[in-house]
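Structural description and commentary
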Amino acid sequence: MKDRLNPAQKQRSSAVIRLGQGAGFCLFVVILAHPAVADRNLVAVLSGITVLLATVWLTARQWPPGPGRGPVVGWLLAAAWLGALFSSAAVHGSWHLQALLPPVLSVCLLWIGTHVGRSRRAARTVLLFLLAAAVAAALHAILQHVGLDPLPRVDEFPRRVVGPFLNPNHLGSLAALALPVALSGFLSLCSRDGAFPSRTGSAVGAAVLVIYSSLLLAGSRGAIWAAIIGGGVVTCGAIRALHRQSRRPAWIPLLLLAASLAGVTQLLQERPIMEGPQGEVSVGQRLQALSNMTGEASKSDLTVLHRKILWQAAWNMFARNPVLGVGPGRYPSTGEQMLVEMAEDPRVALLSRLQRLDMPRFAHNEWLHSLAESGLAGTIPWSLLAGLLLAAALASEWTGSDAIHRGALGACCAVLTHSLVSYPMYLPASAGCFWLLLGILVSTRSAGALNLS
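Anyway, here's the lowdown on the structure attached to this text. Along each chain, the written sequence defines residue order, and numbers are assigned to residues from 1. At least 70 in pLDDT is required for a residue's local features to be given in this predicted model, at least 80 for side-chain atom pairs to be given and counted, and no such filter applies to totals for whole chains, interfaces and linings, which use all residues. With hydrogens and water set aside, each side-chain value is computed from the structure's full complement of heavy atoms.

Moving on, we come to the pairing of strand E2 (residues 279–282). Note: strand E1 (residues 272–276) against E2, four bridges, orientation antiparallel. The residue bridging Met274 from the neighbouring strand is Val281, located in E2. The criterion for strand pairing is that DSSP finds at least two bridges linking the strands in question. Numbering of helices and strands runs from the N terminus; a helix is a DSSP stretch of H or I covering at least four residues, while a strand is a stretch of E covering at least two. Following E1, the chain reverses through two residues before pairing antiparallel with E2.

Here we come to the packing of helix H6 (residues 168–190) against helix H8 (residues 221–244). Whenever a helix is involved, its axis is fitted only over the stretch in contact; in every case the axis is a line through C-alpha atoms, and angles between N-to-C directions fall within 0 to 180 degrees. Following both chains from N to C, one finds H6 and H8 inclined at 20°, their axes separated by 8 Å at the closest point. In this view, H6 runs roughly parallel relative to H8, as classed from their interaxial angle. Crossing hand, H6 versus H8: right-handed. Of the residues in H8, those in contact with Gly172, Ser173, Ala176, Leu179, Pro180, Leu183, Ser184 and Leu187 of H6 are Ala223, Ala226, Ala227, Gly230, Gly231, Val234, Thr235 and Ala238. Polar here means any residue outside two lists: the nonpolar Ala, Val, Leu, Ile, Met, Phe, Trp, Tyr, Cys and Pro, and the charged Asp, Glu, Lys and Arg; Gly therefore counts as polar. Partitioned by chemical class, the residues of the contact of H6 with H8 number 10 nonpolar, six polar and no charged. Throughout, the term roughly parallel applies to angles under 35 degrees, roughly antiparallel to angles over 145, roughly perpendicular to angles from 65 to 115, and oblique to all others. By definition, any crossing whose near helix is turned counterclockwise from its far helix by less than a right angle is left-handed, and any crossing with a clockwise turn is right-handed. When checking whether two residues touch, look at their non-hydrogen atoms; a contact exists if any pair is within 4.5 Å.

Take the environment of Thr114 next. One can find Thr114 in helix H4 (residues 97–116). Distance in space between the C-alpha atoms of Thr114 and Leu437 is 8.7 Å, their sequence separation being 323 residues.

A few words on the side chain of Arg406. Within the fold, Arg406 resides in helix H15 (residues 403–418). On the basis of relative accessibility, which here comes to 7%, the residue Arg406 falls in the buried class. Setting aside residues no more than four positions away along its own chain, Arg406 makes contact with Ser184, Val234, Gly237, Ala238, Ala241, Glu397 and Ser401. Here the term buried applies to any residue with accessible area under 20% of the maximum for its type, exposed to any over 50%, and partly exposed to those in between, with areas from a 1.4 Å probe on protein chains only.

This is how it looks when you write it as structure tokens:
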């Protein structure tokens, strides 16, 4: 393919590949920026600005207008989202940098991703850097679990596995989005016409197992559900691709991977990973509690009760300020007032009595948090932006795509699923992966996309 490109196309191809390498490396650094060594938020900002400037320079110097830049309606929605956020900040005098900077960087990463996605090789490079970082983070988490942590811990969860993060949910969020990417690569190797590449396949299969192990050790139920959804999207896409091409997969590697995943689950089943009200909680008990969000079990699950209080507080804020919310970054301060007003709620009384009632920075649901801080004006644009782009990507998956597209799609679906019970859009690693991969999906489905080798 590359030999048939003219000199100008070869130059643009090389530029896109270098951009993919730079974006992937920055993602790698952000994911593994241990809090004992560096501030991950600062690393993310500096890395994002660096890649953004490189993209602007390459666009101005070498890339004429062409396909693969994303639909115009997407950029209008992005502009509306940022406009609503700054309007809310102006109305409420709420210029919190930590609340305003993530959305700005998210739009920039989306734009960068549309350029990276023009080259299959560049997109693959980003996914490989993501997988390498996820495997390194997972190995770090496993070492923590067995008491061999190579770095000093500065987190507030001494009985939990956090890897290079400050919170086990952050580790779970990364594992949940990386697992579909690794799974997509393995399923792709199993569907090739030739023999299954044992060396490469073994490496990718090992990556799946290591990331899966860290997901279980993190003990984040929301992340586990996210991985299930993301992995389901990838698996359905792979089955659809095999059906369209009238192929049969390599069954032996698939059965070996399934047996290995079951073996890891059984091996870790009795391992204690956290401390609960009744004592130590094992991996098996955490898995059994996956369905506690609904039904009678939700009434006695303290984590679920706490989430529901946070969601109720966010909804009350939105109800009082439905258009522009209470202002970016004002959820915790306004939430404290809401808790006082909700003092008669039996859930609030129970959590207060057990000293489990606190008002964190986020509502642990991206949509409710957005409604609380920026109202309908800020929530509708970004929800439509992500929803429409993912719907288009799903449609492309049905008509045919490749492992790169499937992996990126599965990862994005996993992040959105985790957004229902957590705040991945404000985590540098998870948010960076989501918006960069979403931009890649935009290009992979656009006319003329992936036309550079």
